[in-house]
Amino acid sequence: MIRQHDLVEKVKSYDPDADEDAINRAYEFALKAHGAQKRASGDPYFSHPVEVAYKLTRYKLDVASIITALLHDTVEDTEVTLDDVEANFGKEIRTLVDGVTKLSRLEGKSENLNQAENFRKLLIAMSEDLRVLLVKLADRLHNMETLNFIKSPEKRQRIARETVEIYAALAERIGMRGLKDELQDLAFAELYPEARESIVKRLDFLRKEGQAELDKTLSSIRRKLDEAGLKTVEIHGREKRPFSIWKKMENKNIEFEQLSDIIAFRIVTDTVAECYQALGVIHAEWHTIPGRFKDYISTPKSNGYQSLHTAVLGPGQQRVEIQIRTHEMDEIAEYGLAAHWAYKQTHKNMKDGKQFRWLRELLEILEKSSNPEEFLENTKLEMYHDQVFCFSPKGDILAFPRGATPVDFAYAVHSGVGDTCVGAKINGRIVPLRTKLKNGDQVEIITSKTQTPSPSWERFVVTGKAKSEIRKYVRTSQRAEYINLGRAVLVKTFKQEGHEFAESMVEPHLPAFNKKTVDDLLAEVGEGLISRQQVADVVIGEKKPAASPGLLSSLSNPFRKKKSGGHTPMPIKGLIPGMAIHFGGCCHPIPGDRIVGIVTTGKGITIHTMECETLENYSDAPERWIDVAWEHDQTDARHIGRLRAQVSHEPAALATVTNVIAKEMGNINNLKITNRSIDFFEILIDVEVRDLKHLNNIIANLRAKEVVQSVERYQT
Ligand code: MN
């Protein structure tokens, strides 16, 4: 086990100003927290965080990263809380440890590896700070090194696969080639031990056989470069890693013998100019192999990798692969982002850093930033910050724009799921449909075949798909409503005129209304755009506009007042028997609304609609949420629905409104004029209804009235 002193000395070797005391405190804190815990290997658990911390010193990471590594498993695996961490080491360390802990909780969740790309994005998005990702990668490396102590072969295989698909790929993404190679080879040994064994053996053989050849090639390259005056240049012969040989054999379907590029030569220079100079020397001396020259210096790879690649027929007429790059490019190829970070601390006059495209913008800010906070800001991983990644119950990962809600999620799964969505659970807890999704959330959508989309969803969804599906639904259902209403209105009007209404009667007159179908006409009658009298006049023939302005209201109908029962029967499913219930005065839920119960101490349960904005006050108290639904076959229970209407300011307008409601068996409980102008009244009406369908029916009938400008359900 690495000793405390060694770790501290190692950090001080590259950062003489390092806060020695803080590292020592973190070391002792973690040692105490892990206590007698053991690893699968039988070693004290504490040996693991120390190893992880020590690995990070290779990348010359700052003290905060080293401390985070030491503490990285304390919150997840011991009694220590994030508050303890903050109290002892401050806010920055708290944030970093929290980040690593969150990533650890995602381990083993990536079973669906055809979604590896989304999973990698999720990890980056959740890391937020580059150092979190680096600690996690070092953690994975040490776990892979000790993988053989895990007893279950299935578990070992799963971890190894995840390592290749997720963590090695992430290391490559941020340009950490050395770490990527190590992770891949450790996983390779677990997944394909025989294949690896045979590749390693043959490499051994080739190494012995080819050593003389290799030396010869090395010395002749060196001689040519010397002659050209490139004296300080370094040359190495470098063997490919077993895993990348295996990948090549697998992908290109070629045999081991056909692999010419087991050994690659690398020329490392001081300046970019020398790279091209060395390339000129090589190309002048030996025949180039066509199609193998690549200039990643002028066009770096997306992870920042820069180098010249070429292949020639070398001395002895065998293929020789050569990479040419500067020292800095070489270090970046090995350590990636981390190298840059360390570089920044030690080499202030680094000009070539700007070539590092991956970090270019970040570095520019870095160059301008003078204070430490600003510098810290810049270690943030800005990628994917406008996206969130969530799990389906099956473990699929879906990506959304930031601000997306469970309704967006439902529509992303399937438009049918969105249309019948009644509720959602995030990480097993029921939540309001307007809740904003967070990275890593597991989202489960609750559907019911009898439910339909609510127009109010449009106010909070963010994806185009959800928006357009909801609009489409609202449009078609509104149209269906208007068509039915239009038909009903015409049936009555025609009857009054002494005719039996039939659609076939209207059909020949469609051109007169400039309509293509009967439904189009009925819809406009229902919406009040075409008056029923107009239709009657055209279809039945010239007849005096009978003195019947408001037809429906003129049909005699007694204002039937129903007695509201003394107590409300309990129409709710999912409640504890005997628990008192109230209906939210804010949203006035009625059967048919999607609802949720909120436990109020001493008051029982208050029922709100899922869309109610009041629910946001309870978003931090998921334990108070109760999953409830309306009990069906409830007939006599009455509920209050609140409507807001704008009515023309003219005689009998209010009477028309109350008549319509009475005729539709709604009982007006309260009516209040909230606004009065020359042209119209704005009124709030509380109506006792059976359910949502009943209320919607009243709304549709009110809309058909000419005096009613607009009417809608009013929920605060
Ligand atoms: Mn760990």
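Here, every reference points to the structure presented above.
Residues numbered from 1 in each chain as written. Predicted model: local features only at pLDDT ≥ 70, side-chain atom pairs only at ≥ 80, totals over all residues. Heavy atoms only, no water.

Attention shifts here to the overall build of the protein. The helix and strand tally for the protein stands at 26 helices and 21 strands. Looking at the protein as a whole, 48% of its 716 residues qualify as buried. Surface accessibility of the protein: about 35,200 Å² in total, with carbon and sulfur atoms responsible for 49%. (Helix = DSSP H or I, 4+ residues; strand = E, 2+ residues; numbered from the N terminus. Buried < 20%, exposed > 50% of the residue type's maximum accessible area, 1.4 Å probe, protein only. Areas by Shrake-Rupley, 256 points an atom, 1.4 Å probe, with all protein chains shown as cover.)

What follows concerns the sheet that holds strand S20 (residues 680-689). Taken in spatial order, the 4 strands of this open sheet run S19-S20-S18-S21, and their pairing is antiparallel. The open sheet is flanked by strand S19 (667-676) and strand S21 (708-713), the only strands paired with a single partner. The sheet shows a mean angle of 20° between the axes of neighbouring strands, direction not considered. Of the strand pairs in this sheet, strand S18 (residues 639-648) and S20 are connected by 10 bridges, and their pairing is antiparallel. Across the sheet, residue leucine 643 finds its bridge partner in S20, namely isoleucine 685. Relative to the sheet, helix H25 (residues 653-663) contacts S18, S19, S20 and S21, its axis offset from that of S20 by approximately 20°. (Pairing = 2+ DSSP bridges. Axes fitted to C-alpha atoms, helices over the stretch in contact; angles between N-to-C directions. Contact = heavy atoms within 4.5 Å.)

Turning next to the sheet that holds strand S10 (residues 429-431). Taken in spatial order, the 3 strands make up an open sheet running S10-S9-S11, and their pairing is antiparallel. Strand pairing shows two members of the sheet lacking a second neighbour, S10 and strand S11 (443-447), which therefore form its edges. The average angle at which neighbouring strand axes cross in this sheet is 35°, direction not considered. Here 5 bridges tie strand S9 (residues 421-426) to S11, and the two strands are oriented antiparallel to one another.

What follows concerns the coordination of the manganese ion. Within the protein, the atoms that donate to the manganese ion are His48 (NE2), His72 (NE2), Asp73 (OD) and Asp139 (OD), at distances of 2.2 to 2.3 Å. Mapping the donors of the manganese ion onto the primary sequence gives the spacing H-x23-H-D-x65-D. Here histidine 72 is found in the loop between helix H4 (63-71) and helix H5 (74-77), whereas its partner aspartate 139 is found in helix H9 (residues 130-145), with 67 residues between them in sequence. (Donors = N, O, S within 2.8 Å, 3.2 Å for Na, K, Ca; no water.)

Quick look at unusual backbone geometry now. Residues other than glycine seldom take positive phi values, yet lysine 60 does so here, at roughly 55°. Relative to the helices and strands, lysine 60 is located in the loop between helix H3 (47-57) and H4. Take lysine 60: its relative accessible area is 33%, and that puts it in the partly exposed class. Although it is not a glycine, asparagine 427 sits at a positive phi angle of roughly 50°. Turning to its location among the elements, asparagine 427 is positioned in the loop between S9 and S10.

In this section: the nonpolar core. One finds Leu56 and Leu71 to be the most contacted residues of the largest nonpolar core, which totals 78 residues. With 9 residues, the top contributor of residues to this core is H9. Ignoring sequence-local partners within four residues, the contact set of leucine 71 consists of Ala26, Phe29, Ala30, Val85, Phe89, Ile93 and Val97. Counting residues in each nonpolar core, the second largest holds 33 residues, with Val388, Ala404, Phe409 and Cys612 among its members. (Core = buried A, V, L, I, M, F, W, Y, C linked by side-chain atoms within 4.5 Å.)

On to the packing of helix H7 (residues 91-105) against H9. Two elements in contact, H7 and H9, have axes separated by 9 Å at closest approach and are oriented at 50°. With respect to H9, the axis of H7 lies oblique. Here H7 runs over H9; the crossing is right-handed. Where H7 abuts H9, its residues Glu92, Leu96, Gly99, Val100, Leu103 and Ser104 lie against Arg131, Val132, Leu133, Val135 and Lys136. Here the residues of the contact of H7 with H9 sort into 6 nonpolar, 2 polar and 3 charged. (Parallel < 35°, antiparallel > 145°, perpendicular 65-115°, else oblique. Left-handed = near helix turned anticlockwise from the far one by under 90°. Nonpolar A, V, L, I, M, F, W, Y, C, P; charged D, E, K, R; others polar.)

The next point concerns the pattern of salt bridges. Counting across every chain of the model gives 37 salt bridges. Notably, a salt bridge pairs glutamate 86 with arginine 94, separated by 2.9 Å at the nearest N-O pair. Judged by its relative accessible area of 26%, glutamate 86 falls in the partly exposed class. Since its relative accessible area comes to 21%, arginine 94 is described here as partly exposed. The partner of glutamate 285 in a salt bridge is lysine 224, with the nearest N and O atoms 3.5 Å apart. Here glutamate 285, found in helix H14 (residues 272-285), pairs with lysine 224, found in helix H12 (residues 193-227); they are 61 residues apart in sequence, far enough to count as distant. (Salt bridge = Lys/Arg side-chain N within 4 Å of Asp/Glu carboxyl O.)

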